[in-house]
Amino acid sequence: MGAGHRYLPNTAADRRQMLEALGLGSVEELFADIPDRVRFKGKLELPAPMSELELVRHMAALAGRNATVDEYVTFRGAGAYDHFIPSVVSHITGRAEFYTAYTPYQPEVSQAVLQAIYEYQTLICELTGMEVANASMYDGATAAAEAAIISSQTLTGRRRVVVSSALHPEYRETLNTYARGPGLAVAEIPTEGGVTPPDRLRKALDSSTACVIIQQPNFFGCVEDMDALGEAAHAAGAHFVACVDPISLGVLKPPGEYGADLAVGEGQPLGVPLGFGGPHLGFFAATGKLTRRMPGRIAGMTLDADGKRGFVLTLQTREQHIRREKATSNICSNEALCALAATVYLCLMGKQGVREVATQCLKKACYAQEQLEPAGYPLAFAGPFFREFAVRSPVPVERVNSTLLADKIVGGVELGRWYPELQDSLLVAVTEKRTRQDIDRLVAGMGGLR
Amino acid sequence: MTSQLEAGRRPEPLIFEMSSPGRIAYSLPALDVPDRPVEECLPAGALRRTAPELPEVSEVDVVRHFTRLSQIQHGVDIGFYPLGSCTMKYNPKVNEDMASLPGLAGVHPYFPEELVQGALELLYRMERYLCEIGGVSRVSLQPAAGAHGELTGLLMFRAYHADRGENRTRILIPDSAHGTNPASAIVCGYQTVEVPSDHRGGVDIEALKRLMGPDVAGLMLTNPNTLGLFDENMATVAEIVHSQGGLLYYDGANANAIMGIARPGDTGFDVVHFNLHKTFATPHGGGGPGSGPVGAVAKLEPYLPAPLVDADGDRYRLAYDRPRSIGRVKSFYGNFLVVVKAYAYIRSMGAEGLLRVSEDAVLNANYLMRKLAEHFHLPYDRHCKHECVVSGVWQKDRHGVRTLDMAKRLLDYGFHAPTIYFPLIVPECLMVEPTETESRQTLDAFAGTMAHIAGEAESDPDLVKGAPHTTPVKRLDEALAARKPNLRWRPE
Ligand SMILES: Cc1ncc(COP(=O)(O)O)c(C=O)c1O
C-alpha cells in the first residue's frame, strides 16, 4: 500500500524512524523467526479495499436485499421477538464509553460498566424472583445448556437431564451438543395438549437426574404448570431449571415463587434488535446457595480506599482466568452491551411499563386467536398461552405464508420444521407492536384461503 | 482521561435509589383490541402476585444516569488501552452505522430465505474471507466468542476421533495458555495436560514428545503465544502431534500478528478460531458481544456446526443437512451484527490493508518493548509479535512496588493498564498490546509514563502503592467484595 489508510496512523516516516530505533532495516526482519516452511508467501485473495463511501453503498445494497420488520408486518417469534425499542436504548448503548470498553479488569476506570452490570443483576433478580444473577451468557440456548452442566456439577453423580419437548428446538439441539462433553444423557418428555404433563415427568425422573428444564411459556406459547413440574423435579432431588421469557414475567409468576433453582432465558425481547439472530443475550439467575457455582462474570459492591462505594468483578475464583481447568464454565467474553440494552430498557419500562407491555401482548394475542378461530384456524392446543399460539391450518401452511407474503405479511412459523406431527400448524406471535389493523389483515389473508 | 474522572466527584446513585412511585419513562399506544381482565386469559395459579421492584423514573433520569456513568469509564475512544491479548484497536464508526441499518438490524432470523438473501450473502462471503485468511476450507460463524469457538473446536476433535473408533481422553495445553483453554477442554470432557515452555518461550519440544501419546486428542496452541512470541518450532510441534494421530487447535486470539504472513491452516492447525472482536475491529462492548468463528481444514470440515450457508449460483441458503456435524452451539446463525462489522472491516482493509495491520501491530509492539526494556525486566529478549511481555520484578525486589501498583498508577495518567499477572509463567507480568491503530506519539507518551512510574517506584514507592489517586474511586477492595458478597440492590 503506497498511500496511507484511514485506520492506520503510522506514516512511512514513522515506520522508518521506529525501525531505526530498533536498529532494523525492514519490517520483514521482525518476522524472521517465522520458519520459511510456515510462512505465507502469496497475497491473500480478498476484494480490493473500499473507501468509506464505497463501503456504505455496498452495505446498503446488501441490506437492501433483506426484508425488515418495518416493511413487513411480522407474526414470527419462536425465540426472537419484534418488541418496540425506545430510542433512549440505542443512544446509551451507542455511547463509545460503553461500547469501546472491555471487561472491567481495572475497576477504578470502569465504574460505568460495573455499576450497569450490578443494576442489570438486580433487575434480573427482581424480574425472576431469584437471589443472584450473572452479567450474561451468550444467549438463551447456551444459558439453558450451562444450567444443565452446573446442575450436574453440583449434584455429584447425577448425569441425566430431562427436558420437555416443548423447550425451544434450537435450545435442545444446543443442549445436546454441550451434553456430549461431560457425557450427560438428555431425555425428552413429549407434551400432551401442548404442555408437559407433570405425571409423565414424574415417571421420567430418577436418582440420576440432575435437572429438569421447562420453558415458560413454552415453545408453543403455552403456559406450563410450573408449580407441579417443579415439585416433581424436587421430589426426585433434581434441580428445577425454568427457561423463562422476560416479558412474560410482567404477568406470569416468577421462577423464584415456584421454587426454581435456576432461571435462565433469552433477553433479546428487552430492547435488543432482532439482528438476524444475534447478538442477543442469555440471562442466568439462581438461588443464593448456587452463587459460587455460577458461570461467568458477576459484579459486586465494595468500598474504595476512602470508604466510598464502588463496584468490582467478584467471586472470580469460579472463573477460568483464575481457576483454569477447575472453573465452573469456560465463558470469558459475554454479551455485556446487550445486557446494557436490557438494563436501559427495563429502567425505561419500569414497574408499570413491563406489566403493560406484557398485558398488551397477551390481549392482542388473545384477540388474534379469537379472530383466527372462526376464520378456520383452530388452536392446535387448547390451554392458555402468552403472546404466541399454535393454530392448525385447513390449507397447506406454505400456501398460507406465501399468500400472506404477497401482502407484505410474514405469517407464523411453520412448526412442521421441528415437529413432524405438526405439519399443518403455524406458530403465531403477536407483540405490542402489532395493531388491530395488522391482526385483521392477517386474519383476512388467512381466512380468504379456506 | 477526561476531566470528569477527577477524584471527589459525587458518586452516581443506583437507578433504584432515584425511584419515585408513579414516575414513568415509557409510552405505548393505547390498547386497540378489546380489553379484558388478565385473569380471563391466564389461570390464577400462573399469575404474578407482586410487581417486580423495577425503578420508577422519568426518561431524563435514565438518560442522565447512564450518561453520567459513561463519563467515569475508560474506552478505546478515550485513550490508549494496551490490554494484552485483547487487541483493543480502534473500532471504526462507520461499521457501527452499518450494523444498525434496518436491513440488517431489523431482520427476523426465521424470515423465509427469499427475504434474507442479502444477510445470507454477507455470511457466505465472510466465510470465504476467513477461509482465505486462516488457510482453512470452511468456517462456521455460529460461535459467539473465543471460548465458545474453543468448545466448538474441541467437540469437533471428539467427533473426529470417535468416527475413527478412538477414545482419546487428554488435551495438551502449554503453561502459557489462556485460562479458557483448559476450561474449554474440561467442559468438553477431556483431561488437561500442561506442556512447559522452553527458555525461548515456545513449546518445550522434548516435553511435548514425552507427553504426546495415543491417548492425546490434540494440542491447543496460541501462536503467537501469550508471550507475544511466534513458536519457531511450529512445524515440529505439528509433526509430533499429528504423527501420533492427534489434532491441533489454533486459539486465534493473537491473529492480529499474522494476517497475510502465516495462515494457521498452512502451519499445521486442523481447527482454528478467530476473535472478530479482537482482530477484526469489532468493539468489545464492555465485555461483549464478541464473535468466535471456527474454521476447519478439509478432514475436520464435516464436523462443523450446522447450518452453514451454501450458494446455488447467486441464491444463498442455510444448509442444515450435515450428518456428521457436532450440531448447534447456539441459537440461529451466530452473532450476526458483529459479523457485519467485521465484514465491513475486511472490505475496508483488503489484503494489503490487513497485511499492513499485522506489520504495524508488530512494529509498534517491538518499538514499545525496546523502550519499556530500558526500565523493566524483559524475560524473553527476542523480537515479539503484536504484543510484548515485561516484568515488574525489579521494582518489586528493589522497592517493594508490585506490578499491580504500577498498573493502578498508570490510571492516574489517563492510560488503561496492560493485562497484568498473565501469562502465569512470568512473575509480576505486564502484557502490553499496543495494536496498529496507535501512533508513534502515543507509544512514546506511554513509554515515557512507564519510565516515570519506574522512577516513582524508586523515589516515592508509597505514592505508587497508594495509586490510583485521581480516578473517580480510589483502589477498590476486592477482598471485601468476595468476603461479603453484595451482588444486587435490595429495597430498604
Ligand atoms: C489467548 C486467549 N484465548 C482465548 C480467549 C477467550 O476469548 P473470548 O473472551 O472471546 O471468549 C482470550 C480472551 O481474552 C485470549 O486472550
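Note that the structure is a prediction, hence the values are computed from the model and not measured. (Residues numbered from 1 in each chain as written. Chains lettered and ligands numbered in written order. Predicted model: local features only at pLDDT ≥ 70, side-chain atom pairs only at ≥ 80, totals over all residues. Heavy atoms only, no water.)

## Remarks on empty space enclosed by the protein
Residues and elements named next belong to chain A.
Here comes step 1: Counting across every chain of the model gives twelve cavities of 30 Å³ or more.
Here comes step 2: Each pocket or cavity is described by its volume, and for the largest cavity that value is around 180 Å³.
Here comes step 3: Along the wall of the largest cavity there are 20 residues; nearest its centre are Gly 79, Tyr 81, Gln 215, Asp 245 and Arg 387.
Here comes step 4: Its residues assigned to classes, the lining of the largest cavity shows ten nonpolar, six polar and four charged.
Here comes step 5: Each of domain 1 (73-84 + 350-447) and domain 2 (87-345) contributes no fewer than three residues to the lining of the largest cavity. (1 Å grid on protein atoms, 1.4 Å probe; cavity = no way out; pocket = protein on both sides within 12 Å on 5 of 7 lines; lining within 4 Å. Points joined across faces, edges and corners; volume = space filled by probe spheres on them. Nonpolar A, V, L, I, M, F, W, Y, C, P; charged D, E, K, R; others polar. Domains from an automatic or database assignment.)

## Thoughts on the pattern of salt bridges
Note on pairing: side chains with opposite charge can pair once their charged atoms come close.
Residue and element names in this part refer to chain B.
Here comes step 1: Inspection of the entire model under this criterion finds 65 salt bridges over all chains.
Here comes step 2: Asp 310 serves as the salt-bridge partner of Arg 138, at 2.9 Å between the closest nitrogen and oxygen. Placement of the pair is Arg 138 in strand E1 (residues 138-140) and Asp 310 in strand E8 (residues 308-312), with a sequence separation of 172 residues.
Here comes step 3: Since its relative accessible area comes to 12%, Arg 138 is described here as buried.
Here comes step 4: Between Asp 381 and Arg 370 there is a salt bridge; the shortest N-O distance is 2.9 Å. A residue pair is termed long-range when its members are at least 10 positions apart, and Asp 381 in the loop between helix H10 (336-372) and strand E10 (388-391) and Arg 370 in helix H10 qualify at eleven residues.
Here comes step 5: Taking relative accessible area as the criterion, Asp 381 reaches 57% and is therefore assigned exposed.
Here comes step 6: Given a relative accessible area of 30%, Arg 370 falls into the partly exposed group.
Here comes step 7: A single network of salt bridges, built from pairs that share partners, joins Glu 127, Arg 128, Arg 138, Asp 310, Asp 312 and Arg 317. (Salt bridge = Lys/Arg side-chain N within 4 Å of Asp/Glu carboxyl O. Helix = DSSP H or I, 4+ residues; strand = E, 2+ residues; numbered from the N terminus. Buried < 20%, exposed > 50% of the residue type's maximum accessible area, 1.4 Å probe, protein only.)

## Overview of the environment of A:Ser26
Residue and element names in this part refer to chain A.
Here comes step 1: By secondary structure assignment, the location of Ser 26 is in the loop between helix H1 (12-22) and helix H2 (52-64).
Here comes step 2: On the basis of relative accessible area, Ser 26 is assigned to the partly exposed category, the value being 27%.
Here comes step 3: Distance from Ser 26 to Arg 15, taken between C-alpha atoms, is 9.0 Å for residues eleven residues apart in sequence.

## Focus: the domain arrangement of chain A
Residues and elements named next belong to chain A.
Here comes step 1: Partitioning chain A into structural domains gives domain 1 (73-84 + 350-447) and domain 2 (87-345).
Here comes step 2: Centre-to-centre, using C-alpha coordinates, domain 1 lies 27 Å away from domain 2.
Here comes step 3: At the boundary of domain 1 with domain 2, total buried surface from both sides reaches about 2,100 Å², with 66% on carbon and sulfur atoms.
Here comes step 4: On the surface where domain 1 and domain 2 come into contact, there are one salt bridge.
Here comes step 5: Among the salt bridges present, the one from Asp 245 reaches Arg 387, with a minimum N-O distance of 2.6 Å.
Here comes step 6: Connecting domain 1 to domain 2 are seven residue pairs in polar contact (both at pLDDT 80 or more).
Here comes step 7: If one sorts the elements of the side of domain 1 that touches domain 2 by residue count, helix H11 (residues 336-372) sits on top with five residues.
Here comes step 8: Across the side of domain 1 that touches domain 2, the residue classes tally to 18 nonpolar, three polar and five charged. (Buried area = accessible area lost by both parts, 1.4 Å probe. Polar contact = N/O pair within 3.5 Å; in protein donor to acceptor, adjacent residues only side chain to side chain.)

## A short note on the site of the ligand
Here comes step 1: By nearness alone, 15 residues border the ligand, and A:Ser333, B:Ser85, B:Gly146, B:Ala147 and B:Asp251 come closest of all.
Here comes step 2: One finds residues of chains A and B in close proximity to the ligand.
Here comes step 3: Between the ligand and B:Ala147, the relevant distance is 2.7 Å, taken from an oxygen atom to a main-chain nitrogen or oxygen of the residue.
Here comes step 4: In isolation the ligand has 390 Å² of accessible area, and contact with the protein removes 99% of it.
Here comes step 5: With three residues, the top contributor of residues to the shell around the ligand is helix H6 (residues 146-163) of chain B.
Here comes step 6: For the shell around the ligand, the residue count by class is five nonpolar, seven polar and three charged. (Near = heavy atom within 4 Å. Areas by Shrake-Rupley, 256 points an atom, 1.4 Å probe, with all protein chains shown as cover.)

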